[in-house]
Amino acid sequence: MPEYNEYKKAMKKNILIVLAVIVSFIAFFVSYVQLSWDKVYDAPYPEISASTDPKIIARGKYLVFGPARCATCHVPMDKIVEVDKGLEIPLSGGWELTIPVGTFRAPNITPDKETGIGNLSDKELARTMRYSVGHDGRVNFPFMPFQEMSDEDLTAVISYLRSQEPVKHEVERSEYTFPGKILSAFGLVPPVQPKSPPPESVAIDATIEYGAYLAHSVADCAGCHTKRDQETGEPTGAPSAGGWHLPPDPLSKGYSFVTPNLTPDKETGIMAYWDEAVFINRFRAGRVYEGSPMPWGAFSRMNEVELKAIYRYLKSLDPVSNKIEKVAYAPGEEGPQ
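Residues numbered from 1 in each chain as written. Predicted model: local features only at pLDDT ≥ 70, side-chain atom pairs only at ≥ 80, totals over all residues. Heavy atoms only, no water.

Of note, A156 is situated in helix α5 (residues 151–163). Exposure remark for A156: the relative accessible area of 1% places this residue in the buried category. In the structure, A156 is positioned 99 residues away from I57 in sequence and 5.6 Å away in space, judged by C-alpha atoms. Beyond its immediate sequence surroundings of up to four residues, A156 is in contact with I56, R59 and G60. (Helix = DSSP H or I, 4+ residues; strand = E, 2+ residues; numbered from the N terminus. Buried < 20%, exposed > 50% of the residue type's maximum accessible area, 1.4 Å probe, protein only. Contact = heavy atoms within 4.5 Å.)

Right, dumping it as structure tokens:
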């Protein structure tokens, strides 16, 4: 019996030691994350200067309310539907998205000096768009896919932003949850780097080359039309072959959506049986499902040259077999697993 009592004491001691180690590790881990998540990064400042040329400003306005769809996010939540329908208002921010890693809010990008971009330089704005690094060196969660946008178009967008009426509208900063802080602390939310050197300019014509530029560097078609991990957002499927499940959000009326296959696969890709006229007419028709995550309002205002260019680019893709059973699931209807 004495041996048994000694054994119990030893076991209890060992358990306490293990628990102390675990608690110490958790405390250290939490402290490390809390102290190191708010990282500051350096990134280049693109040589961009805003212009007052009306043509350049007009190009910027077209991109902002059209294919680059800046207005889809940088407006108050109660104006999103109106902007989708064509209302042109100053981009005073306020759109909000809550996902497991945090709550993200689109800032005021009117020239207001207190609450907007009035005190930021053109180069600071260009750095944010191209590298997702803000004026304070902190990374913006990478929602803006403009890393390879041409210098000319970047100039146009910033020129239009400068031309707006200033609107005083304070928008709260985005906030990370603890899981989001973990990602940041371990460098998993770094500045975004261009995959190739951004061009100075791109010829605007109904060509495959211009369509590729629009699809990847402006409209980010593959960003949604690629299957992704539901937790991390990392791509898990072939680019542009669809299959990403987008769950219901406050604007979707309870619907969830699955992005279709945009490759010209003869059995599973919608581009195999859409001719150019059908493609253009579909974009002109706009929204079918209220709350669909596809920015139909912005895309319906794209001009014919750009729609033709995107169509011709998508038709040039390698076919990928990926059957999408349905693209919209009604409230209560079970979506893909």
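Pairing is antiparallel in the open sheet, where three strands are placed in the order β1-β2-β3. Here the strands that pair on one side only, and so sit at the sheet edges, are β1 (96–99) and β3 (175–176). Pairing of strand β2 (residues 102–105) with β3, which is carried by two bridges, proceeds in the antiparallel orientation. Bridged to G102 within β3 is Y176. (Pairing = 2+ DSSP bridges.)

A surface patch of nonpolar side chains, about 880 Å² in accessible area, is lined by M11, I15, L16, V18, L19, I22, F25, I26, V30 and F178. Ranked by residues supplied to the nonpolar patch, first place goes to helix α1 (residues 2–36) with nine residues. Summarising the element assignment, L19 is placed in helix α1. (Patch = residues over 30% accessible without salt bridge, like charges linked within 9 Å, V, L, I, M, F, W, Y side chains within 5 Å. Areas by Shrake-Rupley, 256 points an atom, 1.4 Å probe, with all protein chains shown as cover. Salt bridge = Lys/Arg side-chain N within 4 Å of Asp/Glu carboxyl O.)

Turning to unusual backbone geometry, a few remarks are in order. Outside of glycine, negative phi angles account for most residues, and trans bonds account for most peptide bonds. The backbone of S132 sits at a positive phi, close to 60°, despite the residue not being glycine. On the secondary structure map, S132 appears in the loop between α4 (122–131) and α5. Phi angles above zero are rare outside glycine, and D220 is one such case at about 55°. Turning to its location among the elements, D220 is positioned in the loop between α7 (208–218) and α8 (221–224).

Look at α7 against helix α11 (residues 304–316): their axes get within 7 Å of each other, and the N-to-C directions meet at 95°. Between α7 and α11, the angle falls in the class roughly perpendicular. Facing α7, whose interface residues are I208, Y210, G211, A212, L214, A215 and H216, α11 presents E306, A309, I310, R312, Y313 and S316. In terms of residue class, the contact of α7 with α11 is made up of eight nonpolar, three polar and two charged. (Axes fitted to C-alpha atoms, helices over the stretch in contact; angles between N-to-C directions. Parallel < 35°, antiparallel > 145°, perpendicular 65-115°, else oblique. Nonpolar A, V, L, I, M, F, W, Y, C, P; charged D, E, K, R; others polar.)

This part covers the packing of helix α2 (residues 54–65) against α5. α5 packs onto α2 with a crossing angle of 90° between their chain directions and a minimal axis gap of 7 Å. In terms of orientation, α2 lies roughly perpendicular with respect to α5. From α2, I56, I57, R59, G60, K61, L63, V64 and F65 reach across to α5, where they touch D153, T155, A156, V157, S159, Y160 and S163. Within the contact of α2 with α5, the residues separate by chemical class into eight nonpolar, four polar and three charged.

Before going further, it helps to spend a moment on the sheet that holds strand β4 (residues 245–246). Spatially, β4-β5-β6 is the arrangement adopted by the three strands of the open sheet, whose pairing is antiparallel. The open sheet has two edge strands with one neighbour each: β4 and β6 (328–329). As defined by bridge partners, β4 adjoins strand β5 (residues 256–258) across two bridges and the pair is classed as antiparallel. Within β5, the residue paired with L246 across the bridge is F257.

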